[in-house]
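Residue-level structure breakdown
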Amino acid sequence: MAARTSRSSAKDRPSYRCTECGYSTAKWLGRCPECQAWGTVEELGGAPAVRTTAAGRVTTAAVPIGQVDVRTATARSTGVDELDRVLGGGLIPGAVVLLAGEPGVGKSTLLLDVAAKAASDEHRTLYVTGEESASQVRLRAERIGALSDHLYLAAETDLSAVLGHLDAVKPALLIMDSVQTVASPEIDGAPGGMAQVREVAGALIRASKERGMSTLLVGHVTKDGAIAGPRLLEHLVDVVLSFEGDRHARLRLVRGVKNRYGATDEVGCFELHDEGITGLADPSGLFLTRRTEAVPGTCLTVTLEGKRPLVAEVQALTVDSQIPSPRRTTSGLETSRVSMMLAVLEQRGRITALGKRDIYTATVGGVKLTEPAADLAVALALASAASDVPLPKNLVAIGEVGLAGEVRRVTGVQRRLAEAFRLGFTHALVPVDPGKVPVGMKVTEVADMGDALRVLPRGRSRTPAKERAAE
């Protein structure tokens, strides 16, 4: 009798669940320990029952790994070479890809182009939009030339309706724009909540695996730049891609964050324009200013985006300050590293004309230089601007600069030099011992800022730095 009373009291004990993420607990909490939201834990009723799972019938027998058929995991091209580069060759049947980026960066434009190019008689594509009407998507498709008879379009925000479209169309590729706008009627909470995103993503992933259908999910980001929704979403999908770019610039980068089928150090480059978005096999032209004569305050460097070398231009301008505290403005560069280069030039390079002047530094084409390999180019651009003397034409500078003024080695020097030489640059400043250099390119090894500053015309009377040309 006592045992029966104990069981009934445990059954009648109230339970609580978070309306945002679905976390269940036996007691009320002011803050959900799962999603860290305040005031979202509400009473449900009886305490959650303890369940056990018994062994059941297996669906597929386990086989030795050497006997697994890999033909079903062959990648199929999306029709967009730059996206294929990041994916590792294309889309795998059954793979689920999450593409996230800032609003207005061009996610929907890119995926609509992919939807049209990947559609064929044997491989239908279903594009489901939850943010726009079907007519709005049709107008964009006409503008960018993404119309296809094998591309099907649906505007739905109900998960059951989306699954119904899958049964009717039987697509080889599903594009869901976006996963935060779809909701399941069986789950409490508004669309975009953690519980809804988890349920919708789980249902689409199960459908993809069962049908052998590739799926592209568009994800929103928070104001901090992280993917909105539960972190579990990134663990469930096979590939996570980040779509980056300044909305005021033409350049867009697709960077791999997670990839179960390939490397995550590849970057796809795209150009966004009025007619849509196109891949850039050679994007370095966006970051350079073509001139007939050298201009003071400019220096070229080669940055690595993943495995991809890109030639970029650093510009600096110094003017007399009209206020007690001179301005320090940067665009495309880290303010802290520019300030460090100013300190190194003043202390190690003996350039004292920078302390009381307004200084502006920027990159060309919207590229962001964050790696230390651009330090030497930033320092030389500042020195050139301060002395109003241009650097030699066809010169690139590669190297990290330390606080002691030394020029340190960086990774991928040979790939950087090969890219610079391919674009017609014949002279490079690099750290000591760069390895094999392109034939016909003059490489000047610099150990510190003193050696590097000798490339300015005012330092030609000094002892030249160690130079060597490839034999």
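Please read these numbers as outputs of a predicted model, since none were measured by experiment.

**Let's talk about the overall build of the chain**
- Along the chain, the regular secondary structure elements total 11 helices and 22 strands.
- Taking the principal axes of its C-alpha atoms as reference, the chain extends roughly 100 × 55 × 50 Å.
- Residues classed as buried in the chain amount to 46% of the 471 residues present.
- Sequence-distant contacts, at least 24 apart, represent 66% of the contacts inside the chain between residues at least 6 apart.

**Comments concerning the pattern of salt bridges**
- Tallied over the full model, the rule gives 24 salt bridges.
- For the salt bridge of Glu 266 with Arg 85, the shortest nitrogen-to-oxygen distance reads 3.9 Å. Residue Glu 266 is located in the loop between strand S10 (251-259) and strand S11 (267-273), and its partner Arg 85 is located in helix H2 (residues 81-87); the two are separated by 181 residues in the primary sequence.
- A salt bridge links Glu 406 to Arg 408; its shortest N-O distance comes to 2.9 Å.
- Given the relative accessible area of 38%, Arg 408 is considered partly exposed.
- One salt-bridge network, held together by shared partners, links Glu 82, Arg 85, Glu 266 and Arg 308.

**Regarding the sheet that holds strand S12 (residues 276-279)**
- The strand order across the open sheet built from 9 strands is S6-S5-S7-S8-S4-S9-S10-S11-S12, with neighbouring strands paired in mixed fashion. Unpaired on one side and paired on the other, strand S6 (151-155) and S12 mark the two borders of the sheet. Averaged over all adjacent pairs, the angle separating strand axes in this sheet is 20°, with direction ignored.
- Summarising the sheet, strand S5 (residues 125-129) and S6 pair through 5 bridges and their orientation is parallel.

**What about helix H8 (residues 335-347)?**
- With 13 residues, H8 extends 19 Å from end C-alpha to end C-alpha; this agrees with the ideal 18 Å at 1.5 Å per step.
- Turning to H8, its buried residues are Val 338, Met 341, Leu 342, Val 344 and Leu 345. What you see down the axis of H8 is that its buried residues fit within an arc of 165°, all on one side.
- Buried residues along H8 sit against strand S15 (328-331), strand S16 (357-363), helix H9 (375-387), strand S18 (400-401) and helix H11 (449-453).

**A word on the environment of Lys 436**
- By the element assignment, Lys 436 lies in the loop between strand S20 (427-430) and strand S21 (442-445).
- Among the residues examined, Lys 436 registers a relative accessible area of 68% and is labelled exposed.
- A sequence separation of 293 residues divides Lys 436 from Arg 143, and the C-alpha atoms of the two residues are 48 Å apart.

**Comments concerning the side chain of Glu 234**
- Here Glu 234 lies in helix H7 (residues 232-236).
- Residue contacts for Glu 234: discarding those within four places in its chain leaves Leu 98, Ile 227, Val 240 and Lys 258.

**Observations concerning the environment of Gly 193**
- Of note, Gly 193 is situated in the loop between strand S7 (173-177) and helix H6 (194-211).
- For Gly 193, a relative accessible area of 13% puts it in the buried group.
- Along the backbone, Gly 193 and Gly 22 are 171 residues apart, and their C-alpha atoms lie at a distance of 9.5 Å.

**A few points about the nonpolar core**
- Of all hydrophobic cores here, the largest spans 46 residues; its most connected members are Leu 345, Leu 376, Leu 380, Leu 382, Leu 429, Met 449 and Leu 453.
- Here this core gets 10 residues from one element, more than from any other, and that element is H9.
- Among all residues touching Leu 380, those that are not within four sequence positions of it are Cys 299, Leu 391, Ala 397, Leu 429, Ala 452, Leu 453 and Val 455.
- Counting 32 residues, the second largest nonpolar core, distinct from the first, contains Leu 91, Ala 115, Ile 144 and Ile 175.

**Overview of the pairing of strand S9 (residues 239-244)**
- Pairing of strand S4 (residues 96-101) with S9 involves 5 bridges; the strand directions are parallel. Note on S9: the bridge partner recorded for Leu 99 is Leu 241.
- Linking two consecutive strands that pair antiparallel, namely S9 and S10, is a turn of 6 residues; a positive phi of about 155° is found at Gly 245 within it.

**Comments concerning the side chain of Thr 318**
- Within the secondary structure, Thr 318 is located in strand S14 (residues 308-320).
- A distance of 3.2 Å separates the side chain of Thr 318 from the side chain of Arg 357, its partner in a polar contact.
- At 3.4 Å, the side chain of Thr 318 and the backbone oxygen of Ala 385 are in polar contact.

**Describing the packing of helix H3 (residues 107-118) against helix H4 (residues 134-144)**
- Orientation of H3 relative to H4, taken along the N-to-C sense of each, is 70°, at an axis distance of 10 Å. Between H3 and H4, the angle is such that the two are roughly perpendicular. Every residue of H4 that contacts H3 at Ser 108, Thr 109, Leu 112 and Asp 113 is listed here: Val 137, Arg 140, Ala 141 and Ile 144.
- Split by residue class, the contact of H3 with H4 holds 4 nonpolar, 2 polar and 2 charged.

**Remarks on the confidence of the model for the chain**
- Looking at the chain as a whole, its pLDDT mean stands at 87, while 92% of the residues score no less than 70.
- S5 holds the highest mean pLDDT among the elements of the chain, 97, whereas strand S22 (residues 467-469) holds the lowest, 44.
- pLDDT under 50 marks residues 1-10. Its contacts with residues more than four places away, or in other chains, come to 1 contact.

**A look at the packing of helix H5 (residues 159-169) against H6**
- One way to put it is that H5 packs onto H6 with a least axis distance of 11 Å and a crossing angle of 15°. Accordingly, the angle class assigned to the pair H5 and H6 is roughly parallel. Here H5 runs over H6; the crossing is right-handed. Here H5 contributes Leu 159, Val 162, Leu 163, Leu 166 and Asp 167 to the contact with H6, which in turn contributes Glu 199, Val 200, Ala 203, Leu 204, Ala 207 and Arg 211.
- Its residues assigned to classes, the contact of H5 with H6 comprises 8 nonpolar, no polar and 3 charged.

**So, the pairing of S4**
- The buried fraction of S4 is high, at 6 of 6 residues.
- As defined by bridge partners, S4 adjoins strand S8 (residues 214-219) across 5 bridges and the pair is classed as parallel. Each bridged residue has a counterpart across the sheet, and for Val 97 the counterpart in S8 is Leu 216.

**Some thoughts on the environment of Ser 336**
- With respect to the helices and strands, Ser 336 occurs in helix H8.
- For Ser 336, a relative accessible area of 54% puts it in the exposed group.
- Taking the C-alpha atoms as reference points, Ser 336 and Glu 244, separated by 92 residues in sequence, lie 22 Å from one another.

Criteria and cut-off values
- Residues numbered from 1 in each chain as written.
- Predicted model: local features only at pLDDT ≥ 70, side-chain atom pairs only at ≥ 80, totals over all residues.
- Heavy atoms only, no water.
- Helix = DSSP H or I, 4+ residues; strand = E, 2+ residues; numbered from the N terminus.
- Buried < 20%, exposed > 50% of the residue type's maximum accessible area, 1.4 Å probe, protein only.
- Contact = heavy atoms within 4.5 Å.
- Salt bridge = Lys/Arg side-chain N within 4 Å of Asp/Glu carboxyl O.
- Pairing = 2+ DSSP bridges.
- Axes fitted to C-alpha atoms, helices over the stretch in contact; angles between N-to-C directions.
- Expected span 1.5 Å × (residues − 1).
- Arc of directions from axis to C-beta.
- Core = buried A, V, L, I, M, F, W, Y, C linked by side-chain atoms within 4.5 Å.
- Polar contact = N/O pair within 3.5 Å; in protein donor to acceptor, adjacent residues only side chain to side chain.
- Parallel < 35°, antiparallel > 145°, perpendicular 65-115°, else oblique.
- Nonpolar A, V, L, I, M, F, W, Y, C, P; charged D, E, K, R; others polar.
- pLDDT = per-residue confidence, 0-100.
- Left-handed = near helix turned anticlockwise from the far one by under 90°.

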